[in-house]
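# Architecture and fold: a report
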Amino acid sequence: MRVFDSKGRIAAASAPVGATTAQPPTAPEGLHAFSLQPREVALTWRPVQDPSVAGYLVYRSPAKRGEYLVIARLDGRFTTTYVDRGLGALRVFYYRVAAVNEGGGVGKEASEVRAVTKPEPLPPIGLRVEEQRLGSNLLTWEPNVEQDIAGYRLLRMREGPSSEETVAALDPSATSAEDREVGAGERLSYAVMVFDRDGLESEPSDPIEVESVDYGLSAGARDGSIHLHWNPKVQEGFAAARVVREGTFGDDEIGRVSSEGFVDRKVKRGRRYRYRVILVREDGAEAPSSGVVEATVPK
């Protein structure tokens with residue numbers, strides 16, 4: 001080093017001194033990745049013994065020989081754990097870790113380790129209709145093989161633009177569910193899905209199409225009256241049937257019978273009439289209404 005004055009005169013040089021740059025840190029040892037965690041991978045390693053180490057860089061790649069990008073910068077020589085969160089189910093990743101000294105020098109990377117996130121449960125199989133009654137479909141399926149199942153959800157899809165609906169959320173021991181909110185003769189689709197204790201959900205099962213039980217209601221004109229008839233098996237378990245005639249100014253209950261038929265004699269020739277039937281239980285609860293049937297009395 002030399003000094004100089006305002007006139008540019010330079011003094012003699014100082015005695016020489018020497019210095020050596022710091023060696024880059026060694027690669028961390030004992031790098032380990034914990035697989036089969038839900039949507040995350042946990043990493044651990046042993047601290048580098050070099051006291052000049054100020055922290056670590058964590059690298060990740062989707063392929064063993066792919067490009068490794070820095071995903072975390074950790075401060076502290078003894079900060080030797082990291083959890084990579086927000087990952088998808090059944091994803092494969094490779095990780096490396098390198099130490100960083102106080103001067104910002106990055107050491108050699110540790111050899112890569114592989115990790116796989118926990119897979120989502122398999123979709124349930126064997127979904128089928130076990131039993132049908134008016135206003136009710138009972139469905140069943142095979143139990144899933146995973147050991148940490150937390151429950152099932154039965155889904156219903158009606159015809160039209162409406163989105164899927166949850167019929168029931170069930171505990172892990174259940175393999176059947178009853179849908180009691182179906183119309184007479186309504187066409188529906190069902191699927192079932194499963195979720196585990198970590199909140200991972202399966203894809204829905206293959207859907208099945210179901211046509212709900214209908215009344216089989218028919219109407220015909222005979223002898224100046226209109227005769228209504230419906231399937232007697234549908235009426236099993238019900239106390240009575242309400243017969244409703246639709247009119248311009250509203251609907252009228254024109255009869256309540258315990259049989260599977262009714263004759264409407266209060267009709268006029270040449271007129272067309274529309275009817276519905278609603279079954280009623282002993283406690284007064286009503287089944288879904290039948291569809292509308294029409295009949296015309298001849299002139």
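See above for the structure.
Below you will find a few notes about this structure. Everything numeric in this text was worked out from a predicted model, so none of it was measured.

Rules used in this analysis
Think of each chain on its own: its residues are numbered from 1, step by step along the sequence as written. Reporting in this predicted model follows two pLDDT cut-offs: at least 70 for local features of residues, and 80 or more for side-chain atom pairs to be given and counted; totals over whole chains, interfaces and linings ignore these cut-offs and use all residues. Excluded from the side-chain calculation are hydrogens and water; included are all heavy atoms of the structure. What makes a salt bridge here is a side-chain nitrogen of Lys or Arg within 4 Å of a carboxyl oxygen of Asp or Glu, nothing more. Helical segments are the DSSP runs of H or I of at least four residues, strand segments are the runs of E of at least two, and each set is numbered from the N terminus. Each residue is placed in one exposure class: buried if its accessible area under a 1.4 Å probe, protein chains only, is under 20% of its type's maximum, exposed if it is over 50%, and partly exposed if it falls in between. At least two DSSP bridges between two strands are required for those strands to pair. Throughout, an axis means a line fitted to C-alpha atoms (over the contacting stretch in the case of helices), and angles, computed between N-to-C directions, take values from 0 to 180 degrees. Residues are said to line a cavity or pocket when one of their atoms sits within 4 Å of a point; the points come from a 1 Å grid over protein atoms alone, cavities being sets where a 1.4 Å probe fits but cannot get out and pockets being open sets with protein on both sides within 12 Å along at least five of seven lines. Grid points are joined across faces, edges and corners, and a volume is the space filled by probe spheres set on the points. Under the convention adopted here, Pro, Cys and the residues Ala, Val, Leu, Ile, Met, Phe, Trp and Tyr are nonpolar, Asp, Glu, Lys and Arg are charged, and Gly plus all remaining residues are polar. Note on contacts: a residue pair is in contact if any heavy atoms of the two residues lie within 4.5 Å.

## Some words on the pattern of salt bridges
Oppositely charged side chains can pair when the atoms bearing their charge come close. For the coordinates displayed, the defined rule picks out 30 salt bridges. Measuring nitrogen to oxygen at the nearest pair gives 2.3 Å for the salt bridge that ties Arg 153 to Glu 201. With a gap of 48 residues between them, Arg 153 in strand β10 (residues 149-158) and Glu 201 in the loop between β13 (187-196) and β14 (208-211) connect regions that are remote in the sequence. Asp 264 is the partner of Arg 245 in a salt bridge, and the nearest nitrogen-oxygen pair spans 2.8 Å. Highlighted residues: Arg 245 in strand β17 (residues 240-247) and Asp 264 in strand β19 (residues 261-264), separated in sequence by 19 residues. Since its relative accessible area comes to 19%, Arg 245 is described here as buried. You can call Asp 264 buried: its relative accessible area is 4%. One network of salt bridges, in which partners are shared, links Glu 246, Asp 251, Arg 272, Arg 274, Arg 276 and Glu 294.

## Describing the sheet that holds strand β21 (residues 293-296)
Spatially, β18-β17-β20-β21 is the arrangement adopted by the 4 strands of the open sheet, whose pairing is antiparallel. The two strands at the open ends of the sheet, each matched to only one other strand, are β18 (250-257) and β21. Across the sheet, the mean angle from the axis of one strand to that of its neighbour is 30 degrees, orientation sign disregarded. The pairing of β17 with strand β20 (residues 272-280) spans 7 bridges and is antiparallel. By the bridge assignment, Glu 246 is partnered in β20 with Arg 274.

## Focus on the layout of surface pockets
Estimated volume of the largest pocket: approximately 280 Å³. Of the residues that constitute the lining of the largest pocket, the class distribution is 7 nonpolar, 4 polar and 7 charged. Forming the walls of the second largest pocket are Arg 245, Glu 246, Gly 247, Thr 248, Asp 252, Lys 266, Lys 268, Arg 271, Arg 272, Tyr 273 and Arg 274. Those elements giving two or more residues to the lining of the second largest pocket turn out to be β17 and β20. Residues that form the lining of the second largest pocket fall into these classes: 1 nonpolar, 2 polar and 8 charged.

## Digging into the environment of Ala 241
With respect to the secondary-structure elements, Ala 241 resides in strand β17. The exposure class assigned to Ala 241 is buried, which follows from its relative accessible area of 0%. C-alpha separation for the pair Ala 241 and Pro 124, spaced 117 residues apart in sequence, amounts to 39 Å. Ignoring sequence-local partners within four residues, the contact set of Ala 241 consists of Trp 230, Gln 235, Gly 255, Arg 256, Val 257, Val 277, Ile 278 and Leu 279.

As far as function goes, none of this settles anything; it's purely spatial.
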